[in-house]
Amino acid sequence: MAPVLKVVDLQVSYYTDAGRATALAGASLTLNPGEKLGLVGESGSGKSTMALAMMRMIKPPGRIEAGQVIVDGADLRALSDAQMLQARLSKIAYIPQGAMNSLNPVTRIGAQMTDAIRAHDKTAAKQSIEERCQQALASVDLKPSVSKMYAHELSGGMKQRVCIAIGILLKPKVIICDEPTSALDVVTQRQVMETIDRVKEQIGAAVILIGHDMGLMAQFVDKVAVMYAGRLMEVSAVRAMFTDPKHPYAKALIRSLPRLDNKGVFQGIPGLAPSLLRLPAGCPFNPRCAQAMDICRTDIPRLTALPGERTVACHLFAEKV
Amino acid sequence: MAHLLEFRNVTKVYTRGLLSKISTTALADLSLTLDDDKPTILTVAGESGSGKTTLAMLLLGFIAPTAGQILYKGQDISKLRGPDRMTFRREVQAVFQDPFAVFNPFYTVDHLLTVPISYFKLAKSKKEVRSMMNETLKAVGLHPDDVLGKFPHQLSGGQRQRINVARALVLRPKLLVADEPVSMVDASLRASILETLRGLQRDYGVSIIYITHDLTTAYHIAKSIIVLYRGSVMEAGDVDTIIKHPQHPYTRLLIDSIPWPDLDRRWGETEIKAKESELSDHGAGCKFLARCPFAFASCSAPPPLFRLGDYHATSCYQHRANPGLPAEDLTRVLPM
């Protein structure tokens, strides 16, 4: 099966007054059709930057320095701006963080959905647009009457589902959801995640879920990518990640999770995430790593493939040269 | 035995509309007692609109109850005046949800901590202020040199939230109301903030009311739990019993929806479909009636609490064979 998404060595920097911050340092990923990938990491680890870079939505002072984003065989970075406009939503859709605040408060939901279709297909008949909108709303479990409503008439979970409906209008190949449920409570969160799962099946898209809730990842994704200070630390199948994490950071992350059987044990990760402007030499995790060696303080570890289709960036697992 | 805090049949109703009053019951007939001599951590759980935050606001005296009384050390908090009021203000402290919004960006951390000390005249000299600040910052796991003199924007979310806890702690409170203190910080920092809160209870004898929708953290930190839904108590008791053997359909739905970081415990094992509450219906019967798959005729009358065990009570007619528990005696099923 040909991968639907291939990210090759993507690099993003922000040019700030205090210097150049490398928010994403050469990240590579592949995703097969229908696959669900979870992108986890602390705030500032580059999760959202990676999503925005894939959409080519990095704004100055940020810049994509290098790399390729290949969706369905076409490199998005080689497209002209006009072509990229067409590709967004029809090939790759992005449901931003706090998407529910991104709805226009003064136009009806239906009009906003119509806009999305019109922008890609100027000749579409009114009736077919109407039909597609209703279909999209039905697939996220919303009543047809929602299209006549304004954003303020909907609850948080409903607004989030409207955003998903807009995201799937043009049946994209890849859907990126950036913390889709961080402002919702558990029951609504489950409903939204189940909705994403269902529409994904319907249109056969691949999903990238960005978040820091490992519990949600365990319930939802097939593959987990752990990010730290703009680098991918480990990419593994969800079961391998939870039962046998390899990278020391991934290990610490899994260990810090609250479970039913370890009541009252709180195990945080000592230390703080480094500032992107002042990264330590070598592996960015070395000051917090219990297993740090001399080489970790000088050389940046490269992503190494391990058996079982997993990759790890750590000197502990580096190929012996 | 002196009671630290007592809720006596507290009800809060919000009304809107000028001519035709539309009313929403945010909290219905809640009775609760916390003892002075046994510091504990009590969780109040529920989804948005369940009355959790109303409870916190009532407790802090920001709003007045529609019916019933709230007593602090035996005195009605709405009638406290003068020195008594100052004592109440000092001894009951709060930590709120959003560590990014509660700070004034123009003031340094020092200012934030010295204002309460000087307002309540807790220190006699500058040196004493300094040592109090250092001591409290250490108590919440921060290095004074790392944070003093800094502005809020120079600190991480976890540091800010710990400074919030430190600000409350510097006043030597008896009761801390923590309204979703970890929902906005990174998962890796949650553990250390929860550990800080538990240390306060253990080492400083502070009782904590932990308000949350996250039952995972509630399970790890609290001893007892009250599950609210639209202002009514659905289930209450010992946190272990309730999380592991929930009896009320609503509690079961809540617990079933927790994304456990456990591959062998999947979502959606119960028969209740995850669905948002429809805000419109508000009959006289069980508040959960519209969403409950087990509803039967009796449910159109409000269910009282039934006592299932020493530390377990639920408000559901499925358990009507058990002895009833008067709403005033709710505290009896809460281990302290």
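Small disclaimer: the values here were computed from a predicted structure and weren't measured. (Residues numbered from 1 in each chain as written. Chains lettered and ligands numbered in written order. Predicted model: local features only at pLDDT ≥ 70, side-chain atom pairs only at ≥ 80, totals over all residues.)

Trainee: What is the right way to read the overall build of chain A from this model?
Mentor: Check the secondary structure of chain A and you find nine helices and twelve strands. Relative to its length of 321 residues, chain A is compact, with a C-alpha radius of gyration of 20 Å against a globular reference of 20 Å. Among the 321 residues that make up chain A, the fraction classed as buried is 48%. Residue pairs in contact within chain A that sit at least 24 positions apart in sequence constitute 64% of those at least 6 positions apart. (Helix = DSSP H or I, 4+ residues; strand = E, 2+ residues; numbered from the N terminus. Rg over C-alpha atoms; globule rule 2.2 N^0.38 Å. Buried ≥ 20, exposed ≤ 12 C-beta atoms within 10 Å, placed from the backbone. Contact = placed C-beta atoms within 7 Å.)

Trainee: Looking at this structure, I do not really get the overall build of chain B. What am I missing?
Mentor: Counting secondary structure elements, chain B contains ten helices and 13 strands. Scaling as 2.2 N^0.38, a compact globule of 336 residues should have a C-alpha radius of gyration of about 20 Å, and chain B matches this with 21 Å. Here chain B, with 336 residues, has 45% of them falling under the buried criterion. The long-range share in chain B, meaning contacts at least 24 apart out of those at least 6 apart in sequence, stands at 62%.

Trainee: How should I be thinking about the interface of chain B and chain A in this particular structure?
Mentor: With 31 residues of chain B at the interface, the matching set in chain A holds 34 residues. Among the secondary structure elements, those contributing two or more residues to the side of chain B that touches chain A are α7 (187-204), α8 (215-221) and α10 (249-256) of chain B. In terms of residues, the side of chain B that touches chain A owes the most to one element, α7 of chain B, which gives seven residues. Looking at the side of chain B that touches chain A residue by residue, the class counts come to 14 nonpolar, ten polar and seven charged. (Nonpolar A, V, L, I, M, F, W, Y, C, P; charged D, E, K, R; others polar.)

Trainee: Quick question: what am I supposed to make of α10 of chain B here?
Mentor: Think of an α-helix as turning once every 3.6 residues; residues three or four places apart then point the same way. For α10 of chain B, the tally of buried residues reaches seven of eight residues, placing the bulk of the element in the interior. Of the positions making up α10 of chain B, those classed as buried are Pro249, Tyr250, Thr251, Leu253, Leu254, Ile255 and Asp256 of chain B.

Trainee: How do you make sense of the sheet that holds strand β1 (residues 3-16) of chain B when you look at a structure like this?
Mentor: The strands that make up a sheet are held in pairs by hydrogen bonds between backbone atoms, and each pair lies either parallel or antiparallel. Reading across the sheet, the four strands line up as β2-β1-β4-β5 (chain B) and stay open at both edges, with antiparallel pairing between neighbours. The sheet is open, and its two edges are formed by β2 (22-35) and β5 (75-76) of chain B, each paired on a single side. (Pairing = 2+ DSSP bridges.)

Trainee: Any chance you could explain unusual backbone geometry here in plain terms?
Mentor: Most peptide bonds take the trans form, and the phi angle of most residues other than glycine is negative. Residue Pro61 of chain A is reached from Pro60 of chain A by a cis peptide bond, and omega for that bond is 10°. Note that Pro61 of chain A resides in the loop between α1 (47-54) and β4 (62-71). For Asp72 of chain A, which is not a glycine, the phi torsion comes out positive at approximately 55°. Along the chain, Asp72 of chain A falls in the loop between β4 and β5 (74-75). The phi angle at Asp29 of chain B is positive, at roughly 50°, despite the residue not being glycine.

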